[in-house]
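Next come the chains, spelled out residue by residue.
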Amino acid sequence: MSGGDKLDFEIRPNPQPVAAAERAALMANPGFGRVFTDHMVTIRYAEGKGWYDARVEARGPIPMDPATAVLHYAQEIFEGLKAYQAVDGGITMFRPDANAARFADSAQRMAMAPLPEQVFLDSLHHLIDIDRAWIPSGEGGSLYLRPFMFGSEVFLGVRPANEYLYVVIASPVESYFSSGVKPLTVWASPTYTRAAPGGTGAAKCGGNYASSLIAKAQAAENDCDDVIFLDAVERRYVDEMSGMNIFFVYDDGTLATPTLGTILPGITRESVLTLAREAGHQVVERQVGFDEWRADAASGRLREVFACGTAAVITPIGTVRHPGGEFAIAGGEPGSVTMGLRQTLVDIQRGRTEDTHGWVHRIA
Ligand SMILES: *Cc1c(COP(=O)(O)O)cnc(C)c1O
């Protein structure tokens, strides 16, 4: 069946899966994005034919002609989400429908064929099911899922590709906080911006990351963990980090986060907006000036700042460095609102707290 909202997946189990003992050794200290499971999903698209050839098969190289479109014009998008071992022993995903919808939005922006959202969800279920032995069981560990899609047509002309390859791979990862909560030091880039109005900032495309790497390298040269991008027009307002959104917590209990537009609409960001409001905080989406940030940190009005995204969930920002110097937020220590929201979110993801929002999807 092709073109519809449902595809039949051909399941071809890996004839040579990693042996159990070796898998256990790999999963003992997986880090992030270094260890991969036995399988992958692939689905093809061709103009006029629709989506076809959905498979779950042994993970392996993707043969590619040197003239494959993505290698030249970077028509590529991706997603990132996690599968968890819940406290009751079940397997869950957190808001995969939101990832499916964002993947379709990213495809639309990059002039790519949209994958039906149900097919996206089915692909995740199939991969988790066959690779369930790779889901870490310990607190904090999870199976990171990486769906992605690229222009696979062999053609050097400048236009949207007529063929696409959708792939899902999976990687067991340990907790970002396995060595304790350490507030980030961030570098406010004076040189580089991430996204301009009308650009691709709201799409989860590889190109956004390609252009952010030099800023991240500059951050590292300044002994910082990540980069803060300011808006591309006035270079005054805080946008986000290289892969995380940002929240500000004030002494009157209100929270602020930059308005959507050029930033990536994070699912963690959206979840935090909801949870913070339910916890009684007033939360505003608005432009936050970098000078305002510095002044409010100095006056003490600003109590906490945190970054959020799927990989690290919620992580405090302690210190901001820029060419003119640096400043700390509340002495650089993790704040109680930050850590409280983090706990609430993790408890929902792990099934320790009732999921009143329909965010948790169970894998049968
Ligand atoms: C993926 C991503 C985020 C976080 O999104 P989540 O859905 O919360 O994981 C934030 N910023 C950028 C640039 C991203 O690519």
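Residues numbered from 1 in each chain as written. Predicted model: local features only at pLDDT ≥ 70, side-chain atom pairs only at ≥ 80, totals over all residues. Heavy atoms only, no water.

**Concerning the pairing of strand β5 (residues 81-85)**
Inference 1: With respect to burial, β5 is a largely interior element, four of its five residues being buried.
Inference 2: Bridge analysis of β5 against strand β7 (residues 142-151) gives three bridges, and the strand direction is antiparallel. By the bridge assignment, L81 is partnered in β7 with L145.
Inference 3: The antiparallel hairpin formed by β5 and strand β6 (residues 91-94) contains five residues in its connecting segment, where G89 sits at a positive phi of about 90°. (Buried < 20%, exposed > 50% of the residue type's maximum accessible area, 1.4 Å probe, protein only. Helix = DSSP H or I, 4+ residues; strand = E, 2+ residues; numbered from the N terminus. Pairing = 2+ DSSP bridges.)

**With respect to a negative patch on the surface**
Inference 1: A surface patch of negative charge is lined by D5, D97, D105 and E117.
Inference 2: Looking at the element boundaries, D5 is found in the segment before β1 (10-11). (Patch = residues over 30% accessible without salt bridge, like charges linked within 9 Å, V, L, I, M, F, W, Y side chains within 5 Å. Areas by Shrake-Rupley, 256 points an atom, 1.4 Å probe, with all protein chains shown as cover. Salt bridge = Lys/Arg side-chain N within 4 Å of Asp/Glu carboxyl O. Lys, Arg positive; Asp, Glu negative; His and termini not counted. Charge placed at Lys NZ, Arg CZ, Asp CG, Glu CD.)

**Regarding helix α7 (residues 290-299)**
Inference 1: Where α7 is concerned, the buried positions are F290, W293, D296 and A297. Relative to the axis of α7, the buried residues are bounded by an arc of 125° and lie together on one face. In α7, the exposed residues that point more than 90 degrees away from the buried face are D291, A298 and S299.
Inference 2: Where α7 terminates, the next one or two residues include G300, which has phi positive at roughly 90°. (Arc of directions from axis to C-beta.)

**As for the packing of helix α3 (residues 96-109) against helix α4 (residues 117-130)**
Inference 1: Put simply, α3 and α4 touch, their axes get as near as 9 Å, and they point 130° apart. Relative to α4, the element α3 is oriented oblique. In this structure, the crossing between α3 and α4 has a hand that is right-handed. Contacts between α3 and α4 pair P96, D97, N99, A100, A101, F103 and A104 from the former with E117, F120, L121 and L124 from the latter.
Inference 2: Partitioned by chemical class, the residues of the contact of α3 with α4 number eight nonpolar, one polar and two charged. (Axes fitted to C-alpha atoms, helices over the stretch in contact; angles between N-to-C directions. Parallel < 35°, antiparallel > 145°, perpendicular 65-115°, else oblique. Left-handed = near helix turned anticlockwise from the far one by under 90°. Contact = heavy atoms within 4.5 Å. Nonpolar A, V, L, I, M, F, W, Y, C, P; charged D, E, K, R; others polar.)

**Some words on the pattern of salt bridges**
Inference 1: One pass over the structure, following the stated rule, counts 17 salt bridges.
Inference 2: Here K6 ties to D122 by a salt bridge, and the two come within 3.0 Å at their closest N and O atoms. Placement of K6 in the segment before β1 and of D122 in helix α4 is noted, with a sequence separation of 116 residues between them.
Inference 3: Residue class for D122 comes out buried when judged on its relative accessible area of 12%.
Inference 4: One connected set of salt bridges, linked through shared partners, spans D53, R55 and E57.

**Structural notes on the site of the ligand**
Inference 1: Taken together, 15 residues lie around the ligand, and K204, Y209, E240, T268 and T310 are the ones closest in.
Inference 2: A distance of 2.6 Å separates an oxygen atom of the ligand from a polar side-chain atom of T310.
Inference 3: Across the shell around the ligand, the residue classes break down as four nonpolar, seven polar and four charged. (Near = heavy atom within 4 Å. Polar contact = N/O pair within 3.5 Å; in protein donor to acceptor, adjacent residues only side chain to side chain.)

**Some thoughts on the nonpolar core**
Inference 1: Counting 41 residues, the largest nonpolar core has I43, W51, L145, M149 and Y166 as the members making the most contacts within it.
Inference 2: Elements supplying a minimum of two residues to this core: β2 (39-46), β3 (50-58), β5, β6, α3, α4, β7 and β8 (163-173).
Inference 3: Leave out the neighbours within four places in its chain, and I43 touches L7, F9, W51, Y52, D53, A54, V119, Y164, L165 and Y166.
Inference 4: Formed by 24 residues, the second largest nonpolar core is a distinct cluster that contains L230, F290, V305 and I317. (Core = buried A, V, L, I, M, F, W, Y, C linked by side-chain atoms within 4.5 Å.)

**Re the domain arrangement of the protein**
Inference 1: By the assigned domains, the protein splits into domain 1 (10-173) and domain 2 (184-350).
Inference 2: Put simply, the middle of domain 1 and the middle of domain 2, counted by C-alpha atoms, are 28 Å apart.
Inference 3: Between domain 1 and domain 2, the contact holds 27 residues from the first and 21 residues from the second.
Inference 4: Taken together, the two surfaces of domain 1 and domain 2 that pack against each other cover about 1900 Å², and 55% of this comes from carbon and sulfur.
Inference 5: Considering only the side of domain 1, the residues that lose the most area to domain 2 are F78, F94 and R102, jointly responsible for 31% of the buried surface there.
Inference 6: The interface formed by domain 1 and domain 2 holds one salt bridge in total. (Domains from an automatic or database assignment. Buried area = accessible area lost by both parts, 1.4 Å probe.)

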